[in-house]
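The primary structure of each chain is shown beneath.
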Amino acid sequence: MDLCIVDHPLVAHKLTTLRDERTDSPTFRRLTEELVTLLAYEATRGVRVAPVTVQTPVGAAEGVKLAPPRPLVVPILRAGLGMLEGMTRLMPTAEVGFVGMVRDEQTLVASTYAERLPDDLSGRQCYVLDPMLATGGTLAEAVRFLVRRGADHITCICLLAAPEGIDRITALLQDLEVPCTLVTAAVDERLDERGYIVPGLGDAGDRLYGVV
């Protein structure tokens, strides 16, 4: 898996505010959307396009448009939903699917409990949204799920990542013959004994939507 850490002052500024425990949920949601749009700018650098000619008020101009089939954006429920608006703001013509995954807090193994995706993803570029790459199991299983459906190019967008998560997802996906890229705002120090990123920003789902 290729790693892209987006080094930009606005990315660092918004991430710092997200980390702050005093940031309330409405502000956290808004900043998450803004940060994802910045990350998506880098994440979509390799999106497939096709040439097109358009007519301006003064003449013809050569340009590009998104090539079919349309890219597919896949947030991992529930925290990934908080990233969806920021992604579709940049790429509004993309299609959207969903994958629901849950991690066993004892074994840290992820399993799929819900999905809403096309049965055939052949030739599709997929953008997976998950705020935190911690142990790596959930994201790796989501990528494998999409590859089994036929996806041939996958980009994962995470607000934060831990070194252990990057190492694990790289190992879990090393046998895939599908290009995979991870785009993130920062790689933090480590995981704690509960599998949380340190210093991280806490539980992204709870900070987005409250404790349920």
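Quantities reported herein were computed from a predicted structural model and do not represent experimental measurements. (Residues numbered from 1 in each chain as written. Predicted model: local features only at pLDDT ≥ 70, side-chain atom pairs only at ≥ 80, totals over all residues. Heavy atoms only, no water.)

## A short note on the pattern of salt bridges
1) Next: Taken as a whole and assessed by the stated rule, the structure comprises 14 salt bridges.
2) Next: For K14, the salt bridge identified is with E34, shortest N-O distance 2.7 Å. Here the residue K14 occupies a position in helix 1 (residues 9-19), and E34 occupies one in helix 2 (residues 25-43), the gap between them amounting to 20 residues.
3) Next: The salt bridge partner of R148 is E141, with a shortest N-O separation of 3.1 Å.
4) Next: With a relative accessible area of 23%, E141 lands in the partly exposed category. (Salt bridge = Lys/Arg side-chain N within 4 Å of Asp/Glu carboxyl O. Helix = DSSP H or I, 4+ residues; strand = E, 2+ residues; numbered from the N terminus. Buried < 20%, exposed > 50% of the residue type's maximum accessible area, 1.4 Å probe, protein only.)

## Some remarks on the nonpolar core
Side chains that are nonpolar tend, in soluble globular proteins, to be buried together.
1) Next: In this structure, L39, M87 and L201 are the most contacted members of the largest nonpolar core, which totals 35 residues.
2) Next: Secondary structure elements with two or more residues in this core: helix 1, helix 2, helix 3 (81-90), strand 8 (125-129), strand 10 (153-161), strand 11 (180-187) and helix 6 (204-209).
3) Next: Counting residues per element, this core draws most heavily on helix 2, which supplies 7 residues.
4) Next: Those residues in contact with L39 that sit more than four places away from it in its chain are V6, V11, I157, C158, L159, V183, T184 and A185. (Core = buried A, V, L, I, M, F, W, Y, C linked by side-chain atoms within 4.5 Å. Contact = heavy atoms within 4.5 Å.)

## Overview of helix 4 (residues 137-148)
1) Next: With 12 residues, helix 4 should cover 16 Å at 1.5 Å per step; its first-to-last C-alpha distance of 16 Å lies within 8% of that length.
2) Next: Among the residues of helix 4, those classed as buried are G137, T138, L139, A140, A142, V143, F145 and L146. (Expected span 1.5 Å × (residues − 1).)

## Thoughts on the packing of helix 1 against helix 2
1) Next: Running from amino to carboxyl end, helix 1 crosses helix 2 at an angle of 155°, the nearest separation of the two axes being 10 Å. The orientation of helix 1 with respect to helix 2, classified from their angle, is roughly antiparallel. As for the relative orientation of helix 1 and helix 2, their crossing is left-handed in sense. Here L10, V11, K14, L15, T17 and L18 of helix 1 come into contact with helix 2, specifically with F28, L31, T32, E34, L35, L38 and L39. (Axes fitted to C-alpha atoms, helices over the stretch in contact; angles between N-to-C directions. Parallel < 35°, antiparallel > 145°, perpendicular 65-115°, else oblique. Left-handed = near helix turned anticlockwise from the far one by under 90°.)

## Focus: the environment of A94
1) Next: Mapped onto the secondary structure, A94 falls in the loop between helix 3 and strand 5 (95-96).
2) Next: Relative accessible area serves as the criterion here: at 10%, A94 is assigned to the buried category.
3) Next: Spatially, the C-alpha atoms of A94 and C126 are 9.7 Å apart, while their sequence positions differ by 32 residues.
4) Next: Those residues in contact with A94 that lie beyond four places of it in its chain are P71 and V73.

## Considering the environment of G97
1) Next: Among the secondary structure elements, G97 is positioned in the loop between strand 5 and strand 6 (98-103).
2) Next: Note on G97: relative accessible area 0%, which makes it buried.
3) Next: The sequence separation of G97 and A61 amounts to 36 residues, and the corresponding C-alpha distance is 34 Å.
4) Next: Residues in contact with G97, not counting those within four places in the same chain, are L72, V73, V74, P75, R116 and L117.

## Section: the packing of helix 2 against helix 3
A pair of packed helices is captured by two measures, namely the crossing angle of their axes and the spacing between those axes.
1) Next: Close contact between helix 2 and helix 3 brings their axes to 7 Å; oriented N to C, the two are set at 45°. By the angle between their directions, the pair helix 2 and helix 3 is classed as oblique. The two elements helix 2 and helix 3 cross, and the hand of that crossing is right-handed. Between helix 2 and helix 3, the residues in contact are T32, E33, V36, T37, A40 and Y41 and G82, M83, E85, G86, M87, R89 and L90, respectively.
2) Next: Of the residues in the contact of helix 2 with helix 3, the class split is 6 nonpolar, 4 polar and 3 charged. (Nonpolar A, V, L, I, M, F, W, Y, C, P; charged D, E, K, R; others polar.)

## Remarks on a nonpolar patch on the surface
1) Next: Taken together, the side chains of L3, I5 and V187 define a hydrophobic patch exposed on the protein surface, amounting to about 220 Å² of accessible area.
2) Next: Residue position: L3 is located in strand 1 (residues 2-5).
3) Next: On the basis of relative accessibility, which here comes to 42%, the residue L3 falls in the partly exposed class. (Patch = residues over 30% accessible without salt bridge, like charges linked within 9 Å, V, L, I, M, F, W, Y side chains within 5 Å. Areas by Shrake-Rupley, 256 points an atom, 1.4 Å probe, with all protein chains shown as cover.)

That's the geometry; what it means functionally is another story.
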